[in-house]
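Descriptive structure summary
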Amino acid sequence: MLIIRQAGTPGTRRACFPAPEDADPSGLAQAATLPFSGLGLPDDAVVFAAPWPAAVATARAASGREPVVVGALAEADYGTWAGRPFAEIAEAEPEGLGAWLTDPGAAPHGGESLAELGARVAAWLDSVHVDAARVVAVCDAGPVRAALAHALGLTATRAALFDIAPLSRTELAARHGGWRIAYVNRKAAL
């Protein structure tokens, strides 16, 4: 299974908590140059995308195909923090941010906890396990980290230590009873 992080957004550039927004045009132009055909995917590969505009547009640009939109691949619902800069939250709500950074079950913003994000991504991964070799998923960093947490048996807060750059690729290989990580955060040579 190939997972591609969506192209950057205005919020990505401003270090904001993710919110549904359009991808940067320059990121979509880069996505269109990804060597999709050279990734070793079968002709019948299925491209899935998170429901957010940047993910859908990135999937189209990178693959030239219409993606299957899957709610399980959406970034976490950050409630009142969505679209706000991380630094602003750190200043205005330090206790809440501290809880969120250390407790996977915390959702001080009134949205979804990282544990809830992880559970839905894990359920989706398990549902495509048998066909993983022909799956491409395009989403934001949170679901990529959740997939890595599931594959490696990490908590969501430990998986948050993975750096996942826009348009980077992460590959998981389905194995009997689980997953193997082929690579994480690989950037395409453009």
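Before reading on, note that the structure itself is shown above.
Here's a quick rundown of the structure. In this text the structure is predicted, and so the values were computed from the model without any measurement.

Considerations on the side chain of His-109
Position of His-109 relative to the elements: it lies in the loop between helix H5 (94-102) and helix H6 (114-128). Exposure remark for His-109: the relative accessible area of 3% places this residue in the buried category. Each residue touching His-109, except ones within four places of it in the same chain, is listed here: Asp-77, Tyr-78, Gly-79, Thr-80, Trp-81 and Trp-100.

Here's the deal with H5
Restricting attention to buried positions, one finds in H5 the residues Gly-96, Leu-97 and Trp-100. Taken down its axis, H5 places every buried residue within 95° of arc, on the same side. H5 presents Glu-95 and Thr-102 as exposed residues on the side facing more than 90 degrees away from its buried surface.

A closer look at the layout of surface pockets
One water molecule sets the probe size; rolling that probe over the atoms shows where empty space is left. In this structure, the largest pocket occupies an estimated 690 Å³ of space. Surrounding the largest pocket, 33 residues form its lining, Pro-18, Tyr-78, Trp-100, Ala-141 and Arg-145 being those nearest its centre. Elements with a contribution of two residues or more to the lining of the largest pocket: helix H1 (10-13), H5, H6, helix H7 (141-152) and helix H8 (156-159). Broken down by element, the lining of the largest pocket gets its largest block of residues, four residues, from H7. Of the residues in the lining of the largest pocket, the class split is 21 nonpolar, six polar and six charged.

Focus: the sheet that holds strand S1 (residues 2-5)
Here we have six strands laid out as an open sheet, ordered S3-S2-S4-S1-S5-S6, and mixed in their pairing. Strands at the two margins of the open sheet, each flanked by one partner only, are strand S3 (68-69) and strand S6 (178-186). By the bridge criterion, six bridges tie strand S5 (residues 169-175) to S6 in an arrangement that is antiparallel. Across the sheet, the residue bridging to Ala-174 is Trp-179, located in S6. Of the strands in this sheet, S1, strand S2 (46-49), S3 and strand S4 (135-139) touch helix H3 (residues 53-63), which is tilted by about 155° from S2.

Description of the packing of aromatic side chains
Under the criterion given, the structure shown has seven aromatic pairs. Between Tyr-78 and Trp-100, the aromatic rings sit 6.0 Å apart at their centres with planes inclined by 75°, giving edge-to-face as the arrangement. Of the two residues, Tyr-78 is situated in the loop between S3 and helix H4 (86-92) and Trp-100 in helix H5; the sequence distance between them amounts to 22 residues. Look at Trp-100 and you get buried, because its relative accessible area is 10%.

Thoughts on the pattern of salt bridges
Counting across every chain of the model gives seven salt bridges. The salt bridge partner of Glu-88 is Arg-84, with a shortest N-O separation of 2.6 Å. According to the relative accessible area criterion, Arg-84 is partly exposed, its value standing at 22%. Glu-93 serves as the salt-bridge partner of Arg-84, at 3.9 Å between the closest nitrogen and oxygen.

A few points about the side chain of Asp-24
Looking at where Asp-24 falls in the secondary structure, it is placed in the loop between H1 and helix H2 (25-32). Excluding residues within four positions of it along the chain, Asp-24 makes contact with Gly-8, Thr-9, Pro-10 and Arg-13.

Considerations on the nonpolar core
Taken as a class, soluble globular proteins show a tendency for nonpolar side chains to be buried jointly. The biggest cluster of nonpolar side chains holds 53 residues, and the ones touching the most others in it are Met-1, Ile-3, Leu-73, Trp-124, Leu-125 and Leu-172. Non-local contacts of Leu-125, meaning those with residues more than four positions away in its chain, are made with Met-1, Ala-147, His-150, Leu-172 and Trp-179.

The rules behind these values
Residues numbered from 1 in each chain as written. Predicted model: local features only at pLDDT ≥ 70, side-chain atom pairs only at ≥ 80, totals over all residues. Heavy atoms only, no water. Helix = DSSP H or I, 4+ residues; strand = E, 2+ residues; numbered from the N terminus. Buried < 20%, exposed > 50% of the residue type's maximum accessible area, 1.4 Å probe, protein only. Contact = heavy atoms within 4.5 Å. Arc of directions from axis to C-beta. 1 Å grid on protein atoms, 1.4 Å probe; cavity = no way out; pocket = protein on both sides within 12 Å on 5 of 7 lines; lining within 4 Å. Points joined across faces, edges and corners; volume = space filled by probe spheres on them. Nonpolar A, V, L, I, M, F, W, Y, C, P; charged D, E, K, R; others polar. Pairing = 2+ DSSP bridges. Axes fitted to C-alpha atoms, helices over the stretch in contact; angles between N-to-C directions. Phe/Tyr/Trp six-rings, centres within 6.5 Å; stacked < 30°, edge-to-face > 60°. Salt bridge = Lys/Arg side-chain N within 4 Å of Asp/Glu carboxyl O. Core = buried A, V, L, I, M, F, W, Y, C linked by side-chain atoms within 4.5 Å.

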